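Descriptive analysis of the structure
For reference, the chains in residue letters:
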Amino acid sequence: MAVFVALGAFLMTLVGGWTAQRVTDRRHLVLGLAGGLMLGVVGLDLLPEALDAAGRPVFGVPAALLLFVAGFLVAHLVERLLAGRRAAHGADEHGGGRVPEVGLTAAAAMVGHSVMDGVAIGAAFQVGGGMGVAVALAVVAHDFADGFNTYTLTSLYGNARRKALAMLFADAVAPVAGAASTLLFTIPEQLLGSYLGFFGGALLYLAAAEILPEAHHDHPARSTLLCTVAGAAFIWLVVGIAG
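To start, this report covers the structure provided alongside it. One numbering rule holds for all chains: residues counted from 1, following each sequence as written. Under the rules for a predicted model, residues below a pLDDT of 70 receive no local features and side-chain atom pairs below 80 are neither given nor counted, while totals for whole chains, interfaces and linings still include all residues. Note that water and hydrogens are dropped before the side-chain values are worked out from all heavy atoms of the structure.

A closer look at the overall build of the chain
In terms of regular secondary structure, the chain is built from eight helices and two strands. Only DSSP runs of H or I reaching four residues or more are called helices, and only runs of E reaching two or more are called strands; each is numbered from the N terminus. Ordered by position from the N terminus, the helices and strands of the chain form the series α-α-β-β-α-α-α-α-α-α. For the chain, with 243 residues in total, the buried portion stands at 45%. Look at the contacts in the chain between residues 6 or more apart in sequence, and 84% of them connect residues 24 or more apart. In this description, accessible areas are obtained by the Shrake-Rupley approach with a 1.4 Å probe, and a residue is regarded as covered only by the protein chains that are shown. Carbon together with sulfur atoms contributes 70% to the accessible area of the chain, which is approximately 12000 Å² in total. With a 1.4 Å probe rolled over the protein chains alone, any residue whose accessible area is under 20% of its type maximum counts as buried; one over 50% counts as exposed, and the rest are partly exposed. We call two residues in contact when some of their heavy atoms are within 4.5 Å.

Okay, structure coming up:
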């Protein structure tokens, strides 16, 4: 049942990526919406789950928040190192400093998160059918945002459409693989919470330092800001319904 339900997440992820792909003439609105979705996922979904699962505080600070900060800093460090490496090899400046490897790394992190979504579905069905359905609905709903963000992140950093589609497909398959894996083993709750905290920090960096500034660079329009607010509000709605 868990694997069957995860197929809904597979389809929803592809729909999200297809939507991001089809509205290229409104790129600033796409990026504004993606930034809002990412902000909502981090603040309203990932961090609360991480704080619940990551275990006892470390020197007075919840472990999930320490890893959240670490994820933010690691994402910043990786981008700076890759940008410096590209500049050292004489890359031109026409791409606005975008490093394709950063987009692929971010998309790969989204794929890893989607695997954990599938694991969450499988684990919830192990607890009970009602719990499984509730978690599955939440995952399927926000996998639209995952697909949207995976395609947007990959293409934003200058990767070819073929690579963006490949990462989108990998992100769509990931929850099915994660749900299937729960037939073999389970992930300790504390480790899962640590991962969610770290991933949330990395995702927030990409939203705040890359996606939203790019959205407003050429089109500082009110409609872009409204798309960002709508993205965050959508995730709030999803979390509220699932709760």
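Brief notes about the packing of helix H1 (residues 2–22) against helix H6 (residues 161–181)
Contact pair H1 / H6: the axes reach a minimum separation of 7 Å and the direction vectors enclose 160°. By the angle between their axes, H1 is roughly antiparallel relative to H6. Relative to H6, the crossing made by H1 is right-handed. In contact with Ala2, Val3, Ala6, Leu7, Ala9, Phe10, Thr13, Leu14, Gly17, Trp18 and Gln21 of H1, H6 contributes Arg161, Leu165, Leu168, Phe169, Asp171, Ala172, Val173, Pro175, Val176, Ala179 and Ala180. By residue class, the composition of the contact of H1 with H6 is 17 nonpolar, three polar and two charged. Working convention: axes come from line fits to C-alpha atoms, limited for helices to the stretch in contact. Angles between N-to-C directions cover 0 to 180 degrees. Each angle receives one of four descriptions, namely roughly parallel if under 35 degrees, roughly antiparallel if over 145, roughly perpendicular if within 65 to 115, and oblique otherwise. Crossing chirality is assigned from the near helix's rotation relative to the far helix, an anticlockwise turn below a right angle marking it left-handed and a clockwise turn marking it right-handed. Throughout this entry, Asp, Glu, Lys and Arg are counted as charged residues, while Ala, Val, Leu, Ile, Met, Phe, Trp, Tyr, Cys and Pro are counted as nonpolar. The remaining residues, Gly among them, count as polar.

Regarding the layout of surface pockets
Which parts of space are left empty comes out when a probe the size of a water molecule is rolled across the atoms. Grid points spaced at 1 Å over the protein atoms alone were grouped into cavities, where a 1.4 Å probe fits but cannot get out, and pockets, open sets with protein on both sides within 12 Å along at least five of seven lines, with lining residues defined by an atom within 4 Å of a point. Grid points are joined across faces, edges and corners, and a volume is the space filled by probe spheres set on the points. Its boundaries defined by the atoms lining it, the second largest pocket holds a volume of some 250 Å³. Along its surface, the second largest pocket is lined by 15 residues, and Ala75, Thr105, Ala106, Ala109 and Ala202 are the ones closest to its centre. Breaking the lining of the second largest pocket down by element, the ones donating at least two residues are helix H3 (63–88), helix H4 (100–127) and helix H7 (189–217). No other element matches the seven residues that H7 contributes to the lining of the second largest pocket. Of the residues that constitute the lining of the second largest pocket, the class distribution is 13 nonpolar, one polar and one charged.

As for the packing of aromatic side chains
Stacked, edge-to-face and tilted are the three classes for Phe, Tyr and Trp ring pairs, Trp counted by its six-membered ring, which pair at centre distances within 6.5 Å; planes under 30 degrees apart are stacked, over 60 edge-to-face, the rest tilted. Taken as a whole and assessed by the stated rule, the structure comprises two aromatic pairs. On the numbers, 6.1 Å between centres and 85° between planes, the contact of phenylalanine 10 with phenylalanine 169 is edge-to-face. Note that phenylalanine 10 is positioned in helix H1 and phenylalanine 169 in helix H6, a separation of 159 residues in sequence. Using a relative accessible area of 48% as the deciding quantity, one classes phenylalanine 169 as partly exposed. Pairing phenylalanine 72 with tyrosine 205 gives two aromatic rings, centres 5.2 Å apart and planes at 90°, and the pair type is edge-to-face. One end of the pair, phenylalanine 72, is in helix H3; the other, tyrosine 205, is in helix H7, and 133 residues separate them in sequence. Its relative accessible area of 6% is what places tyrosine 205 among the buried residues.

Notes on the nonpolar core
Nonpolar side chains in soluble globular proteins tend to be buried together. Formed by 37 residues in total, the largest nonpolar core has its most connected members in Met38, Leu46, Phe148, Leu153, Leu203, Leu206 and Ile211. Counting only elements with at least two residues in this core, the list comes to helix H2 (27–53), H3, H4, helix H5 (129–156) and H7. When residues no more than four places from it in sequence are discounted, the contact partners of leucine 206 are Met38, Val102, Ala106, Leu153, Tyr157 and Ile211. What is meant by a nonpolar core is a set of buried Ala, Val, Leu, Ile, Met, Phe, Trp, Tyr and Cys residues, joined one to another through side-chain atoms within 4.5 Å. Formed by 13 residues, the second largest nonpolar core is a distinct cluster that contains Ala2, Val139, Val140 and Ala179.

Observations concerning the packing of H2 against H7
Two elements in contact, H2 and H7, have axes separated by 8 Å at closest approach and are oriented at 160°. The angle between the axes of H2 and H7 places the two elements in the roughly antiparallel class. Crossing of H2 against H7: the hand is left-handed. Here the contact of H2 with H7 is composed, by residue class, of 18 nonpolar, seven polar and five charged.

Topic: H2
Three or four residues apart is the spacing at which side chains of an α-helix point the same way, because the helix has 3.6 residues per turn. With 27 residues, H2 extends 37 Å from end C-alpha to end C-alpha; this agrees with the ideal 39 Å at 1.5 Å per step. In the stretch just after H2, glycine 55 is the one whose phi turns positive, near 95°. Multiplying 1.5 Å by the helix residue count minus one yields the expected span of that helix.

Thoughts on the side chain of serine 181
Within the element layout of this structure, serine 181 appears in helix H6. What makes serine 181 buried here is its relative accessible area of 15%.

Considerations on a nonpolar patch on the surface
Candidate patch residues must exceed 30% relative accessible area and have no salt bridge, after which like charges are joined if within 9 Å and Val, Leu, Ile, Met, Phe, Trp or Tyr side chains if within 5 Å. Here, a salt bridge means any side-chain nitrogen of Lys or Arg that lies within 4 Å of a carboxyl oxygen of Asp or Glu. Where nonpolar side chains cluster on the molecular surface, the patch consists of Leu51, Val58, Phe59, Val61, Leu65 and Leu66 and spans about 560 Å² of accessible area. With relative accessibility at 43%, the residue valine 58 sits in the partly exposed group.

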